[in-house]
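Listed below, chain by chain, are the residues.
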Amino acid sequence: RRGASSLGWLLLSIATRVPMGMAGSSSSESWYKEEYEYNFLETLMLLALVLLALCFEGLWHHVVHSAERSYRFGERDEAAHHHGADEETPAWIERLHLPPEIARHEGAIKHLRLRRELVNRAGGEFMTLGFLAFVVYSFNQLGGFEALAAGIRGTTAVDGWRYPTTREDWLHLAENVHMQLFIAM
């Protein structure tokens, strides 16, 4: 287990320390002069992606819960079958030696399969990260990063801040933040 933990920390440190100039920028010189300029925009990009992820998670949660409450095939037959049943406690619940008020409610005990819960939650995280990858890809394909670069190309803020100057710089910033989220999740 210690090896897996060390590998995770190594990957996280690599993902967070790749300078923009080395991450595939179009020029050999990076767009920022001070590290805080990169860190500031990286944090803004992180906030934007986390906000998108939270919106997606909320929507997905709503969809899953509405699907759980949807019609279940055979629901009418099952209700008719149990309507005439007596209040006898099933034998497997009697073997648990529970108090009668708990034993009467068969659904009161819920046994979780922990590995299944872990796999389901990991699948949800991968789905959210896939959604973020799709958003970054679509934004790039629709010219969003080009528009960002064109909108501020050659400009420097009054206080001396520098911004990415090319589509590739913006794209790599978004990809780096996305990979940091992937490793952190």
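Rules behind the numbers
The residue count restarts for each chain, going from 1 along the sequence in the order it is written. Totals for whole chains, interfaces and linings use all residues, but because this is a predicted model, local features are given only for residues with pLDDT of at least 70 and pairs of side-chain atoms are given and counted only at 80 or more. Heavy atoms throughout the structure, all of them, feed into the side-chain values; hydrogens and water do not. Here a helix means four or more residues in a row that DSSP labels H or I, a strand means two or more in a row labelled E, and each is numbered from the N terminus. Think of it in three bands: residues with accessible area under 20% of the maximum for their type are buried, residues over 50% are exposed, and the middle band is partly exposed, with areas taken using a 1.4 Å probe on protein chains only. Each accessible area value is a Shrake-Rupley result obtained with a 1.4 Å probe; residue values ignore everything except the protein chains displayed when judging cover. For patches, a residue must show more than 30% relative accessible area and have no salt bridge; joins then use 9 Å for like charges and 5 Å for nonpolar side chains, namely Val, Leu, Ile, Met, Phe, Trp and Tyr. By definition, a salt bridge exists where a carboxyl oxygen of Asp or Glu is found within 4 Å of a side-chain nitrogen of Lys or Arg. To define a nonpolar core, start from buried Ala, Val, Leu, Ile, Met, Phe, Trp, Tyr and Cys residues and group those joined through side-chain atoms within 4.5 Å. What a helix is expected to span follows from its residue count: subtract one and scale by 1.5 Å. Residue contacts are counted whenever heavy atoms from the two residues lie within 4.5 Å of one another. Stacked, edge-to-face and tilted labels apply to pairs of Phe, Tyr and Trp rings (six-membered ring for Trp) whose centres lie within 6.5 Å, assigned for plane angles under 30 degrees, over 60, and everything in between, in that order. Every axis in this analysis is a line fitted to C-alpha atoms, fitted for helices over the stretch in contact. Angles between the N-to-C directions lie between 0 and 180 degrees. We call two directions roughly parallel when the angle between them is under 35 degrees, roughly antiparallel when it is over 145, roughly perpendicular when it lies between 65 and 115, and oblique otherwise. Residues are grouped as follows: Ala, Val, Leu, Ile, Met, Phe, Trp, Tyr, Cys and Pro are nonpolar; Asp, Glu, Lys and Arg are charged; every other residue, Gly included, is polar.

1. Describing the overall build of the chain
And then number 1: The secondary structure content of the chain amounts to eight helices and zero strands.
And then number 2: The N-to-C order of helical and strand elements in the chain reads α-α-α-α-α-α-α-α.
And then number 3: Taken over 185 residues, the chain has a buried fraction of 22%.
And then number 4: If you sum the accessible surface of the chain, you get close to 13,900 Å²; carbon and sulfur atoms cover 61% of it.

2. Section: the side chain of His178
And then number 1: The residue His178 is located in helix H8 (residues 167-184) in this model.
And then number 2: Residue class for His178 comes out buried when judged on its relative accessible area of 10%.

3. Brief notes about a nonpolar patch on the surface
And then number 1: On the surface, Leu59, Trp60, Val63 and Met127 cluster together into a nonpolar patch covering about 350 Å² of accessible area.
And then number 2: Ranked by the residues each element gives to the nonpolar patch, the list is headed by helix H2 (residues 35-68), at three residues.
And then number 3: In this structure, Leu59 sits in helix H2.
And then number 4: What makes Leu59 exposed here is its relative accessible area of 53%.

4. Quick word on the pattern of salt bridges
For side chains bearing opposite charge, pairing can occur when the charged atoms are close.
And then number 1: A complete count under the given rule lists two salt bridges for this structure.
And then number 2: A salt bridge links Arg162 to Glu37; the shortest N-O distance between them is 2.9 Å. Of this pair, Arg162 sits in the loop between helix H7 (144-152) and H8 while Glu37 sits in helix H2, placing them 125 residues apart in sequence.
And then number 3: Accessibility expressed as a relative area gives 1% for Glu37, which makes it buried.
And then number 4: With a shortest N-O distance of 3.2 Å, Glu168 and Arg167 are connected by a salt bridge.
And then number 5: Accessibility expressed as a relative area gives 26% for Arg167, which makes it partly exposed.

5. Re the nonpolar core
And then number 1: By size, the foremost hydrophobic cluster in this structure holds 18 residues, and its most contacted members are Met45, Leu49, Leu132, Val136, Phe145, Trp170 and Leu173.
And then number 2: Going through the elements one at a time, H2, helix H6 (114-141), H7 and H8 are the ones with two or more residues in this core.

6. A look at H2
And then number 1: Helix length check: H2, at 34 residues, gives a terminal C-alpha distance of 48 Å against a target of 50 Å (1.5 Å per residue), a fit within 8%.
And then number 2: Taken together, the buried positions of H2 are occupied by Glu37, Tyr38, Leu41, Glu42, Met45, Leu49, Ala53 and Phe56.
And then number 3: Residues of H2 that are buried sit in contact with H6 and H8.

7. Let's talk about the side chain of Glu42
And then number 1: By secondary structure assignment, the location of Glu42 is in helix H2.
And then number 2: Take Glu42: its relative accessible area is 12%, and that puts it in the buried class.

8. Some words on the packing of aromatic side chains
And then number 1: Overall, the coordinates contain seven aromatic pairs when judged by the stated rule.
And then number 2: Between Trp31 and Tyr38, the aromatic rings sit 6.2 Å apart at their centres with planes inclined by 45 degrees, giving tilted as the arrangement. Neither Trp31 nor Tyr38 differs from the other in exposure class; each is buried.
And then number 3: Summarising the aromatic geometry, the rings of Tyr32 and Tyr38 are spaced 5.3 Å apart at their centres and angled 35 degrees between planes, so their arrangement reads as tilted.

9. Re the packing of H6 against H7
And then number 1: Relative to each other, H6 and H7 sit at 60 degrees, their axes nearing to 4 Å. What the angle tells us is that H6 and H7 run oblique. On H7, the residues touching Val136, Phe139 and Asn140 of H6 are Gly144, Phe145 and Leu148.
And then number 2: Broken down by class, the residue content of the contact of H6 with H7 amounts to four nonpolar, two polar and no charged.

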